[in-house]
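Summary of the model geometry
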Amino acid sequence: MVAAAIDILDRDGIAGLTIRALAQEAGTTTMTVYSRFGGKQGVITAIRRDGLARLSSALDEATDAVADTPRDRLQTIGRGLRLFARQHPHHYRLMLGDPIDAGPRDDYGVQPAGAVLERIQRAAGPTADPEFGASLLAFCHGWIGLEKSLGLGDGEDADRTYGRALDMAIERFGVAVASNSDYPPAAMAPPVEGADLAIRTATPRNAPCPCGSGLRYKHCHGLTQASP
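Predicted, not measured: the structure shown is a model, and the values here were computed from it.

Attention now moves to the overall build of the chain. When its secondary structure is counted, the chain shows 11 helices and 0 strands. For the chain, the α and β elements follow one another from N to C terminus as α-α-α-α-α-α-α-α-α-α-α. Taking all 228 residues of the chain together, 41% fall into the buried category. Excluding contacts between residues fewer than 6 apart, the proportion of contacts in the chain whose partners are at least 24 apart in sequence is 57%. As displayed, the chain offers around 12200 Å² of accessible surface, 54% of which is attributable to carbon and sulfur atoms.

Let us now look at the pattern of salt bridges. Inspection of every chain in the model, using the stated rule, returns 10 salt bridges. Glu-25 serves as the salt-bridge partner of Arg-11, at 3.1 Å between the closest nitrogen and oxygen. A residue pair is termed long-range when its members are at least 10 positions apart, and Arg-11 in helix α1 (residues 2-12) and Glu-25 in helix α2 (residues 19-26) qualify at 14 residues. Judged by its relative accessible area of 34%, Glu-25 falls in the partly exposed class. Put simply, Glu-147 and Arg-82 hold a salt bridge, and the shortest N to O gap is 2.9 Å. One end of the pair, Glu-147, is in helix α9 (residues 132-150); the other, Arg-82, is in helix α5 (residues 70-87), with 65 residues separating them in the sequence.

One way to put it is that helix α4 (residues 40-64) packs onto helix α6 (residues 89-96) with a least axis distance of 9 Å and a crossing angle of 110°. Compared by their axis directions, α4 and α6 come out roughly perpendicular. Across the interface between the two elements, Ile-44, Ile-47, Arg-48, Asp-50, Gly-51, Leu-52, Arg-54 and Leu-55 from α4 touch His-91, Leu-94 and Met-95 from α6. Grouping the constituent residues of the contact of α4 with α6 by class yields 6 nonpolar, 2 polar and 3 charged.

By size, the foremost hydrophobic cluster in this structure holds 27 residues, and its most contacted members are Leu-74, Leu-81, Ile-120 and Leu-136. The element contributing the most residues to this core is α9, with 6 residues. Not counting the four nearest positions on each side in its chain, Leu-74 is found in contact with Ile-120, Ala-123, Ala-124, Phe-132, Leu-136, Leu-166 and Ile-170. Listed in part, the 17 residues of the second largest apolar core include Ile-6, Ile-14, Leu-17 and Leu-22.

Moving on, we come to the packing of α1 against α2. Taken N-terminus to C-terminus, the directions of α1 and α2 make an angle of 115°; their axes are 9 Å apart at the nearest point. The two elements α1 and α2 cross, and the hand of that crossing is right-handed. For the pair α1 and α2, the contacting residues are Ala-4, Ala-5, Asp-7, Ile-8 and Arg-11 in the first and Ala-21, Leu-22, Glu-25 and Ala-26 in the second. Across the contact of α1 with α2, the residue classes break down as 6 nonpolar, no polar and 3 charged.

Attention shifts here to the packing of aromatic side chains. A complete count under the given rule lists 2 aromatic pairs for this structure. Seen in terms of ring centroids, Phe-139 and Trp-143 are 5.8 Å apart; in terms of plane orientation they differ by 45°. Their pairing is tilted. On the criterion of helical spacing, the pair formed by Phe-139 and Trp-143 is a turn pair, its members being 4 residues apart in helix α9. Chaining the aromatic ring pairs together yields one cluster made of Phe-139, Trp-143 and Tyr-162. Its guanidinium or amino end placed over the ring of Phe-37, Arg-36 lies 4.9 Å from that ring's centre, counting from NZ or CZ.

This paragraph deals with the confidence of the model for the chain. For the chain, the average pLDDT comes to 75, and 69% of its residues sit at 70 or higher. The least confident element of the chain, judged by mean pLDDT, is helix α7 (residues 99-102) at 44; the most confident is α2 at 95. Here residues 175-200 scores under 50 on pLDDT; set against residues more than four positions off or in separate chains, the count is 35 contacts. Note on residues 224-228: pLDDT is under 50 here. Beyond four places in sequence and across chains, it has 10 contacts.

Thresholds, definitions, all that
Residues numbered from 1 in each chain as written. Predicted model: local features only at pLDDT ≥ 70, side-chain atom pairs only at ≥ 80, totals over all residues. Heavy atoms only, no water. Helix = DSSP H or I, 4+ residues; strand = E, 2+ residues; numbered from the N terminus. Buried < 20%, exposed > 50% of the residue type's maximum accessible area, 1.4 Å probe, protein only. Contact = heavy atoms within 4.5 Å. Areas by Shrake-Rupley, 256 points an atom, 1.4 Å probe, with all protein chains shown as cover. Salt bridge = Lys/Arg side-chain N within 4 Å of Asp/Glu carboxyl O. Axes fitted to C-alpha atoms, helices over the stretch in contact; angles between N-to-C directions. Parallel < 35°, antiparallel > 145°, perpendicular 65-115°, else oblique. Nonpolar A, V, L, I, M, F, W, Y, C, P; charged D, E, K, R; others polar. Core = buried A, V, L, I, M, F, W, Y, C linked by side-chain atoms within 4.5 Å. Left-handed = near helix turned anticlockwise from the far one by under 90°. Phe/Tyr/Trp six-rings, centres within 6.5 Å; stacked < 30°, edge-to-face > 60°. Lys NZ or Arg CZ within 6 Å of the ring centre and 35° of its normal. pLDDT = per-residue confidence, 0-100.

Here's what the structure looks like:
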């Protein structure tokens, strides 16, 4: 019945997902649907669970294939969200979209936004500010919505534009959050332990900072050292 509900959702949207339509699609009775799900909101909850499982599986597979750095993991999650939204627009809308259409979330124990936010926060690393995940998720969700509402296009150019914007958002939120100040950071981390000035100033500006912060050198200790 969940598969039948998803078929209706993909074909007719949320407006077409009724108990009667689901019963007909699944070849059963409305009473059976009510006894299994308790009503339309129960069906929506089941679809949310299915969507979250699909998204989690796709993101797990994608992140396993990239370099184990915060930036690469966050890029992969951001791109994965956009791809899922384009491939499963109704699923995405029920999971992360308009609560008027999707109905109440917390009462039914399925909170996809919270699960995605937690994944982003883990990818950012233990030193990331607690608000980093919400900031990046808001950026991704807003961009995905604008692409749909403004018809910003498809194809490689749109992919590259999103990738560049996502990278800037990761850098912007990451630097601001890591320093707990406005961008650019006003106060830097302590000097790099075990590395003298010559080593630090020899680090390429776009390379990871040798202090282990996960930031690019130019946005970490490179701000207080002479650039090569």
